[in-house]
Amino acid sequence: MKADSEAYRFDAGAFSTIRIATWALLLTAGAAVALAPAAGAQSLDADPELEALIPDAAVANPEAWAMDTEAAATPVPEEADADADLTDTGFSIEWPEAEDFEVELQEIKIDPELEQLLSRESGRPAADLALPGMAERGGEGDRDEYELAETELSRRIVLSHPASFAEFGQFDEFIARFEGLSDIETLRDDDDNLAQLANRAEEDAALLSDMLAVYGFNDADVRQRVETPPAGEGSGESGAVVASDAQYVFTIDPGERYRYGEVALPGLEAAEDDFAALRDAFEIRAGDFIQEDRIVAERIDLGVAMGETGYAFAEVGQPDLLIDHASDEGDLTLPVTPGGQYRFGEVISSDPEFLSSRHLSEIAQFDAGEIYQASEVDDLRRAILSTGLVSSLSVTPREVAPPANGEPGTVAVDVALTPAPLRTIAGAVGYDTGRGIRTEVSWEHRNLFPPEGMLQLHAIAGTQEQLAGATFRRNNWHGRDRVLTLDVFASTIDRDAYEARTISGVARFEKLSTLLFQKVLAWSIGLELVATQEREGTLGGLTGPRETYFVAALPGEVIYDKSDDLLDPTRGWRVALFASPELSHTGGERSTYLRSWAEGRYYQPVSERLVVAGRARFGTIVGTDISNIAPSRRLYAGGGGSVRGYGYQEIGPKDDLGDPTGGLSLSEFSLEARYRTGLLDGAISIVPFIDAGTVANDSSPRLNGMQYGAGVGVRYHTNFGPLRFDVATPLNPRPDDGRIAVYISLGQAF
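Quantities reported herein were computed from a predicted structural model and do not represent experimental measurements. (Residues numbered from 1 in each chain as written. Predicted model: local features only at pLDDT ≥ 70, side-chain atom pairs only at ≥ 80, totals over all residues. Heavy atoms only, no water.)

A.B. asks: What exactly am I supposed to notice about the overall build of the protein chain here?
C.D. replies: Scanning the protein chain for helices and strands turns up 15 helices and 29 strands. Among the 750 residues that make up the protein chain, the fraction classed as buried is 38%. Counting contacts in the protein chain only where the partners sit at least 6 residues apart, residues at least 24 apart contribute 58% of the total. Carbon and sulfur atoms provide 55% of the accessible area of the protein chain, an area that totals close to 41300 Å². (Helix = DSSP H or I, 4+ residues; strand = E, 2+ residues; numbered from the N terminus. Buried < 20%, exposed > 50% of the residue type's maximum accessible area, 1.4 Å probe, protein only. Contact = heavy atoms within 4.5 Å. Areas by Shrake-Rupley, 256 points an atom, 1.4 Å probe, with all protein chains shown as cover.)

A.B. asks: Would you mind going over a negative patch on the surface with me for this structure?
C.D. replies: On the surface, a cluster of negative charge is made up of Glu262, Asp324, Glu329 and Asp331. Along the polypeptide, Asp324 turns up in strand E7 (residues 320-324). Asp324 sits in the partly exposed class, given a relative accessible area of 37%. (Patch = residues over 30% accessible without salt bridge, like charges linked within 9 Å, V, L, I, M, F, W, Y side chains within 5 Å. Salt bridge = Lys/Arg side-chain N within 4 Å of Asp/Glu carboxyl O. Lys, Arg positive; Asp, Glu negative; His and termini not counted. Charge placed at Lys NZ, Arg CZ, Asp CG, Glu CD.)

A.B. asks: Would you explain the sheet that holds strand E1 (residues 148-152) in this entry?
C.D. replies: Two orientations exist for strands paired in a sheet by backbone hydrogen bonds: parallel and antiparallel. Taken in spatial order, the four strands make up an open sheet running E1-E2-E4-E3, and their pairing is mixed. Strand pairing shows two members of the sheet lacking a second neighbour, E1 and strand E3 (221-227), which therefore form its edges. Shown here is a sheet whose adjacent strand axes are inclined to one another by a mean of 20 degrees, direction ignored. Sheet analysis places strand E2 (residues 157-162) next to strand E4 (residues 247-253), joined by four bridges and oriented parallel. (Pairing = 2+ DSSP bridges. Axes fitted to C-alpha atoms, helices over the stretch in contact; angles between N-to-C directions.)

A.B. asks: Teacher, can you tell me more about the environment of Arg571 here?
C.D. replies: Looking at the element boundaries, Arg571 is found in the loop between strand E21 (556-561) and strand E22 (572-586). Arg571 sits 34 residues away from Pro605 along the chain, and the two C-alpha atoms are 6.2 Å apart. Ignoring sequence-local partners within four residues, the contact set of Arg571 consists of Lys562, Ser563, Asp564, Tyr603 and Pro605.

A.B. asks: What am I meant to see in helix H13 (residues 292-308) here?
C.D. replies: Given 3.6 residues per helical turn, the α-helix brings residues three or four places apart onto the same face. Here H13 contains 17 residues, and its C-alpha end-to-end distance of 25 Å stays within 8% of the 24 Å for a straight helix at 1.5 Å per residue. Those residues of H13 not exposed but buried are Ile295, Glu298, Leu302, Ala305, Met306 and Gly307. Looking at where H13 begins, the residue whose side-chain oxygen comes 2.8 Å from the main-chain nitrogen of Asp293 is Gln291. Just past H13, the residue Gly310 takes up positive phi, approximately 105 degrees. (Expected span 1.5 Å × (residues − 1). Polar contact = N/O pair within 3.5 Å; in protein donor to acceptor, adjacent residues only side chain to side chain.)

A.B. asks: Just checking my understanding: could you explain the nonpolar core for this structure?
C.D. replies: A general tendency of soluble globular proteins is for nonpolar side chains to be buried together. Residues Leu159, Phe174, Phe178, Leu208 and Phe250 are the most contacted members of the largest nonpolar core, which totals 26 residues. Every residue in contact with Phe178, bar those within four places of it in the chain, is listed here: Leu153, Ile157, Leu159, Asp204, Leu207, Leu208 and Met211. Ranked by size, the runner-up nonpolar core spans 24 residues in total, among them Tyr342, Phe354, Val377 and Leu389. (Core = buried A, V, L, I, M, F, W, Y, C linked by side-chain atoms within 4.5 Å.)

A.B. asks: Would you explain a nonpolar patch on the surface in this entry?
C.D. replies: Taken together, the side chains of Val520, Leu521, Val558, Tyr560, Trp573, Val575, Leu577 and Tyr602 define a hydrophobic patch exposed on the protein surface, amounting to about 690 Å² of accessible area. Sorting the residues of the nonpolar patch by element identifies E21 and E22 as the ones contributing at least two each. The dominant element in the nonpolar patch, judged by the number of residues it contributes, is E22, at three residues. Following the sequence through the fold, Leu521 ends up in strand E19 (residues 521-536). For Leu521, a relative accessible area of 45% corresponds to the partly exposed category.

A.B. asks: Is there a simple way to think about the packing of aromatic side chains in this case?
C.D. replies: Think of a pair of aromatic rings as described by two things: how far the centres are apart, and how the planes are tilted against each other in angle. As enumerated under the stated definition, the model contains 18 aromatic pairs in all. Summarising the aromatic geometry, the rings of Phe174 and Tyr215 are spaced 5.5 Å apart at their centres and angled 75 degrees between planes, so their arrangement reads as edge-to-face. Linking Phe174 in helix H9 (residues 171-181) with Tyr215 in the loop between helix H11 (194-214) and E3, this pair joins segments that are 41 residues apart in sequence. On the basis of relative accessibility, which here comes to 0%, the residue Phe174 falls in the buried class. Tyr215 sits in the buried class, given a relative accessible area of 1%. For the ring pair Tyr498 and Tyr636, a centre distance of 6.1 Å and an interplane angle of 45 degrees mean the geometry is tilted. Within this pair, whereas Tyr498 is found in strand E18 (residues 498-511), its partner Tyr636 is found in the loop between strand E24 (610-622) and strand E25 (665-676), the two being separated by 138 residues in sequence. (Phe/Tyr/Trp six-rings, centres within 6.5 Å; stacked < 30°, edge-to-face > 60°.)

A.B. asks: Is there a simple way to think about helix H15 (residues 374-386) in this case?
C.D. replies: Given a rise of 1.5 Å per residue, 13 residues ought to cover 18 Å, and the 19 Å separating the end C-alpha atoms of H15 matches this to within 8%. Taken together, the buried positions of H15 are occupied by Glu376, Val377, Asp379, Leu380, Ala383 and Ile384. One side of H15 holds all its buried residues, which, seen down the axis, span an arc of 160 degrees. Among the structural elements, strand E10 (342-349), helix H14 (357-363), strand E11 (390-401) and strand E12 (409-419) are those in contact with the buried residues of H15. (Arc of directions from axis to C-beta.)

A.B. asks: Help me out: how do you make sense of unusual backbone geometry in this one?
C.D. replies: As a rule of thumb, non-glycine residues mostly have phi less than zero, and peptide bonds are mostly trans rather than cis. Look at the link from Pro450 to Pro451: it is a cis peptide, with omega at -5 degrees. Positionally, Pro451 belongs in the loop between strand E14 (436-445) and strand E15 (453-462). For Asp328, which is not glycine, the phi torsion reads 60 degrees and is therefore positive. Tracing the backbone through its elements, the reader meets Asp328 in the loop between E7 and strand E8 (329-333).

A.B. asks: Got a minute to help me understand the side chain of His161 in this structure?
C.D. replies: With respect to the helices and strands, His161 occurs in strand E2. At a separation of 2.8 Å, a polar atom in the side chain of His161 contacts the side chain of Thr151. Those residues in contact with His161 that sit more than four places away from it in its chain are Glu147, Leu148, Ala149, Glu150, Thr151, Ala166, Phe171 and Ile252.

A.B. asks: Quick question: what am I supposed to make of the sheet that holds E7 here?
C.D. replies: Spatially, the three strands line up as an open sheet ordered E5-E8-E7, and their pairing is mixed. Each having just a single partner strand, strand E5 (259-264) and E7 make up the two edges of the open sheet. In this sheet, adjacent strand axes meet at a mean angle of 20 degrees when their direction is disregarded. Both E7 and E8 contribute to a ladder of five bridges, which runs antiparallel.

A.B. asks: What is the right way to read the side chain of Arg156 from this model?
C.D. replies: Relative to the helices and strands, Arg156 is located in the loop between E1 and E2. Here Asp192 takes part through its side chain, which lies 3.2 Å from a polar atom of the side chain of Arg156. Ignoring anything within four residues of it in the chain, the contact list for Arg156 reads Ile184, Glu185, Arg188, Asp189, Asp192, Leu197, Ser244, Ala246, Gln247 and Tyr248.

A.B. asks: Which parts of the structure should I look at to understand the confidence of the model for the protein chain?
C.D. replies: Any segment with low pLDDT has predicted coordinates that should not be analysed in fine detail. Here the protein chain averages 85 in pLDDT, while 81% of its residues score no lower than 70. With pLDDT under 50 throughout, residues 1-44 is counted as low confidence; its partners more than four residues away or in other chains account for 45 contacts. Confidence over residues 123-144 falls short of pLDDT 50; this stretch has 29 contacts with residues more than four positions distant or in other chains. (pLDDT = per-residue confidence, 0-100.)

Here it is in structure tokens:
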């Protein structure tokens, strides 16, 4: 078994000779290339040191010189046969045969004690070493906690996770966020192919890892695989597997959820007496579970709290979360620079002739000397925008005096504004069955008498009403949303109930509830002077005599509003009380009486799409006989804002000519269901309704003699309120009542 050992001999001397000869050849060739003279040259001009290393014979004839060396003369031994048996191995142990390598593997039984040590409940490092599913073979008490569950998000995505992961408190939010961000879901297209889906699945796996870290699972492991039908059983042509057949399964091993270790707010201690309250505003504490979204929210809350406590120039830095994988904790550091506490100073307008600093101070909800609050600055910004007088606006605090000697500093509030177009021409057209067509046009200048002194000229042309008038209005008069109004007009009205030619002047001071600032309490008080010639209805063209009435009234109203929206409420209630003591002079007789009414409205959501709304109203006139009251000032029912299905003012007592006479008491009720459909992105609502009402000649509101109307409406919801279209019919019509009534207007019926 031993081959000739000469085949393996190594001759160091021969190797050296060969190496030198080869080096000489290479150097010679290099020198010949580098140092050879041009054609016809008779000598070499080489570097002396290089020329000394190369023998002259090697330069003259390199091949002959190489063949004359000892290395060239040494014979090369024959190669040994690799398959030949070795004659002498030098070992005392026999060479193993192939069958000696056959090994029989024995099944190793799991050691229960070792498995228990490596299960998840044993903590680290066992939890790092445990494979998914090991705990399922562990103790009985942990079987359910770590048993894998599946949550199918869609036909394309399934999450496989421990059952306990679905109970960590924010699982539904986690799933919803993943669905909204998943590339597989958001980029889905009919032209998808399997390669595209594979790339998206990799991105979704990375997304899941990032999201798990957001929720504090910093050691989470996410793996994904694709499941497709066997070849020939796909939904493609001839059973081909296509992209839509693929379902991606993401297996989540969340690991331990980390908690906050140290939570530090360096710099906040400079707030001194306010430190404790401001620290409480940042509601993250050591030991809480890590949730990075909460860090963002609490950082904002801290900034808001500082702005509301007088720290006008406070800065809250960027958070730093240092994760410690050895302890399953994260240390949170959020630097804070309070910047000192301040009080409000003056409000300064950039255009005093347009909106003076004094006027802006009256609009503001704060007074000079009060502790600075950022919310009050934002409130002033919204209030100025709501005037409709500015096109651009900035409201900025500016330091006037720094804090000193433990006392707050002072900031001025600079208001930089640019006037908006101030003139408006507007028009409106409405129709309902009882009042016919009504067209209104107006022109106004909203700041003709600065600040906020508006002049409006308006006119009405309709089938039953004509009017021309002028209105002066001072908005935000000596306070926010306090309005002084002076209104004069002349009108003619021709209705079934009465005809009237009227000249009137009204002065009113009110505290308004607006779309931007809906108030719980609104009120108004006024003075009304009226001169009117009126007569009751006609029959066959015959008219009765006109009577002249001179009326002085002091109307007042209080509204208590706990609803959630001014034009389109869905929750809450409102109560309104109106009273108007009046003095009337007609035909040489003087009468005094009190007109009043009370109304309540209630709104109750039944579901996300359905709101039930109800209304009740009771009115009365006390103090004189109905004949001493001008027909236009009596109580009436019927129409789009009252009992739908009946003509305007048509419900109640009628005279011998069949025309309504009005009454001294009123009772009205309405109930409707407002259902928000999915049409036009939810802009369309369907509203079935039923109304009821009665009017009587005595002063006590009653419930008998009710007229009922019912119908259905459509609402088109816009950003300024719903457009209303109602169709109704009387349920117990009288001989002269129409069968169908139509109403079109802006806003809900109530």
